[in-house]
Amino acid sequence: MASHLKKSYATLEERVAQRTEELTALNSVAAVVSRSLDLNRILADGLTKTIEVLDMDAGAVFRIDPETGGVILVEQQGLSPEMAGLIQHLDVKISVIAEVLARRRPVARRVADYPPSPLREVMIKDGLVTVVSIPLMAQETVLGAINVTGRAPIWPTAEALEAPAAIGQQIGVAMDNARLYNQSVEYARQMEAARQAAEEARAIAEAANAAKSDFLANISH
């Protein structure tokens, strides 16, 4: 019984430590999101924390191109140069992201289960075994995904995916906020350009009226 209790306490301590690490990572990302509009920093920090929480070796952040439906690499850590070059513009059909788009929740896949493609060949060449894809969501829309990958045969449980899923939601909100901010900046720029054009037009009209008045005054004189 003492041995069983000792083992139970050890398991409990391990779960508490893991949960503490997950919450620390989530709070770190939330803090960055709340105080920064620097999307590049947010994406880099979120990717780092997701790799750490899932005990993976490398990863990448992708955004969905709304015009083509493809995925575009925006941040990566720990990938080989060959892999990073290959996934600059990734065909979503050969990626686990296709399943993420359909299910709107984290998805894990073994590299061996990928369809035959140059992507699969390079992943095997780099010794990668497992891939986990986390949706970046805002207002029920998938804006992109964080893909993390490792060389160990780790298969995350549903509980282990909770914190990365929350990180994905935080980053999705940050991406949407950045989009809205950029729209606001562009709208302000357009309004300022319109104001300046109106000022110039008014100045030209006033100059024309002044010239007309001078001309009529000269004629009358």
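Preceding this paragraph is the structure being described.
Scope of this entry: the structure provided in the associated data block. What you see is a predicted model, and the numbers here were worked out from it, not measured in a lab.

1. Considerations on the overall build of the protein chain
Within the protein chain one finds six helices and six strands. Its helices and strands in sequence order give the protein chain the pattern α-α-β-β-α-β-α-β-α-β-β-α, from N to C terminus. Here the analysis covers contacts within the protein chain between residues at least 6 apart in sequence; of these, 59% occur between residues at least 24 apart. Accessible area of the protein chain: about 13200 Å², with a carbon and sulfur share of 55%.

2. Considerations on the pattern of salt bridges
In a structure, side chains of opposite charge can pair up when their charged atoms sit close to one another. Going through the model one piece at a time under the given rule, you end up with four salt bridges. With a shortest N-O distance of 4.0 Å, Asp-57 and Arg-151 are connected by a salt bridge. Remark: Arg-151 occurs in the loop between β6 (141-150) and α6 (162-220) and Asp-57 occurs in the loop between α2 (39-53) and β1 (58-64); sequence separation between them is 94 residues. The exposure class of Asp-57 is partly exposed, given its relative accessible area of 40%.

3. Structural notes on unusual backbone geometry
Unlike most non-glycine residues, Asp-55 shows phi in positive territory, near 55°. Its location among the elements puts Asp-55 in the loop between α2 and β1. Unlike most non-glycine residues, Gln-139 shows phi in positive territory, near 55°. Here Gln-139 lies in the loop between β5 (130-138) and β6. Given a relative accessible area of 67%, Gln-139 falls into the exposed group.

4. Overview of the sheet that holds strand β3 (residues 89-90)
Pairing is antiparallel in the open sheet, where six strands are placed in the order β3-β2-β1-β6-β5-β4. The open sheet terminates on both sides in strands that have one partner only, identified here as β3 and β4 (107-110). Of the pairings in the sheet, the one linking β1 to strand β2 (residues 71-77) comprises six bridges and is antiparallel in character. Within the sheet, the bridge partner assigned to Val-61 lies in β2 and is Glu-75. Lying over the sheet, α2 contacts β1, β2, β5 and β6, oriented at roughly 65° with respect to β2.

5. Things to note about the nonpolar core
The biggest cluster of nonpolar side chains holds 23 residues, and the ones touching the most others in it are Phe-62, Val-71, Met-83, Ile-87, Ile-97, Leu-119 and Met-123. Breaking this core down by element, the ones donating at least two residues are β1, β2, α4 (97-103) and α5 (118-125). The dominant element in this core, judged by the number of residues it contributes, is β1, at four residues. Those residues in contact with Phe-62 that sit more than four places away from it in its chain are Val-71, Ile-72, Leu-73, Val-74, Ile-87, Leu-90, Ile-97, Leu-136, Gly-144, Ala-145 and Asn-147. In terms of nonpolar packing, the next biggest core, distinct from the first, is built from 17 residues, Val-61, Ile-171, Ala-174 and Met-175 among them.

6. Thoughts on the pairing of β5
β5 sits mainly inside the fold: nine of its nine residues count as buried. Relative to β5, β4 is paired through four bridges, and the arrangement is antiparallel. Paired with Arg-110 across the two strands is Thr-130, which belongs to β5. With nine bridges connecting them, β5 and β6 associate as antiparallel partners.

7. Thoughts on the pairing of β6
In terms of residue burial, β6 counts as a mostly covered element, since eight of its ten residues are buried. The pairing of β1 with β6 spans six bridges and is antiparallel. Of the residues in β6, the one forming a bridge with Arg-63 is Gly-144. Adjacent in sequence and paired antiparallel, β5 and β6 are bridged by two residues, among which Gln-139 carries a positive phi angle near 55°.

8. Quick word on α5
Those residues of α5 lying buried are Leu-119, Val-122 and Met-123. Axial view of α5: buried residues confined to an arc of 100°, hence all on one face. Residues Pro-118, Glu-121 and Lys-125 are exposed on α5 and point more than 90 degrees away from its buried face. Of the surrounding secondary structure, the elements contacted by the buried residues of α5 are α3 (81-86), β3 and β5. Remark: Gly-127 follows α5 within two positions and exhibits a positive phi of approximately 80°.

About the thresholds
- Residues numbered from 1 in each chain as written.
- Predicted model: local features only at pLDDT ≥ 70, side-chain atom pairs only at ≥ 80, totals over all residues.
- Heavy atoms only, no water.
- Helix = DSSP H or I, 4+ residues; strand = E, 2+ residues; numbered from the N terminus.
- Contact = heavy atoms within 4.5 Å.
- Areas by Shrake-Rupley, 256 points an atom, 1.4 Å probe, with all protein chains shown as cover.
- Salt bridge = Lys/Arg side-chain N within 4 Å of Asp/Glu carboxyl O.
- Buried < 20%, exposed > 50% of the residue type's maximum accessible area, 1.4 Å probe, protein only.
- Pairing = 2+ DSSP bridges.
- Axes fitted to C-alpha atoms, helices over the stretch in contact; angles between N-to-C directions.
- Core = buried A, V, L, I, M, F, W, Y, C linked by side-chain atoms within 4.5 Å.
- Arc of directions from axis to C-beta.

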